[in-house]
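Given next are the chains, with one letter for each unit.
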Amino acid sequence: MSRKYTKIKELEPQILAMRAEGKTCREIAKSLELEKKQIVNWVTRHNHEQARKEAGILPKKKGRPRKNAEPTSSEEIVREQTYEIKRLKMENELLRDFLQSVGRK
């Protein structure tokens, strides 16, 4: 029986080690007694975080910013926009290819 809630961040090193061994999400979930969907969601989030780090985008701080907080630098804004444009172009190409394969314009 799978657990309903778990702090998956605590299991992160184990999941990464199992992924490095080449185990599937289903095998990882079974060994950690989790749902497969939890592992799939975690892997997706982890991959997005890594892609943003490689693009040079720093993770945002949690919570509401203070009134006297420093504004984000223009370099950071440009990096985020560049990353978002690249992601949207890729998504657009995928959708275009899908529609062409289905026979729509």
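Quick caveat: nothing in here was measured; it's all calculated off a predicted structure. (Residues numbered from 1 in each chain as written. Predicted model: local features only at pLDDT ≥ 70, side-chain atom pairs only at ≥ 80, totals over all residues. Heavy atoms only, no water.)

A. Main features of the pattern of salt bridges. The full count for this structure, using the stated rule, is five salt bridges. The partner of Glu 12 in a salt bridge is Lys 9, with the nearest N and O atoms 3.5 Å apart. We note a salt bridge from Glu 75 to Arg 79, for which the minimum N-O separation is 3.7 Å. With a gap of four residues between them, Glu 75 and Arg 79 both fall in helix H4 (residues 74–102), about one helical turn apart. With a relative accessible area of 55%, Glu 75 lands in the exposed category. The exposure class of Arg 79 is partly exposed, given its relative accessible area of 30%. A single salt-bridge network, built from bridges that share partners, covers Glu 75, Glu 76 and Arg 79. (Salt bridge = Lys/Arg side-chain N within 4 Å of Asp/Glu carboxyl O. Helix = DSSP H or I, 4+ residues; strand = E, 2+ residues; numbered from the N terminus. Buried < 20%, exposed > 50% of the residue type's maximum accessible area, 1.4 Å probe, protein only.)

B. The arrangement of the packing of helix H2 (residues 25–32) against helix H3 (residues 36–54) in detail. With their axes 8 Å apart at the nearest point, H2 and H3 run at an angle of 120° to one another. Our classification of the angle between H2 and H3 gives oblique. When the axes of H2 and H3 are compared, the crossing they make is right-handed. Here Cys 25, Arg 26, Ile 28 and Ala 29 of H2 lie close against H3, whose contacting residues are Lys 36, Ile 39, Val 40 and Val 43. Of the residues in the contact of H2 with H3, the class split is six nonpolar, no polar and two charged. (Axes fitted to C-alpha atoms, helices over the stretch in contact; angles between N-to-C directions. Parallel < 35°, antiparallel > 145°, perpendicular 65-115°, else oblique. Left-handed = near helix turned anticlockwise from the far one by under 90°. Contact = heavy atoms within 4.5 Å. Nonpolar A, V, L, I, M, F, W, Y, C, P; charged D, E, K, R; others polar.)

C. A look at unusual backbone geometry. The phi angle at Glu 33 is positive, at roughly 60°, despite the residue not being glycine. Counting through the fold element by element, Glu 33 comes out in the loop between H2 and H3. Accessibility expressed as a relative area gives 48% for Glu 33, which makes it partly exposed.

This is a description of form; function is not addressed.
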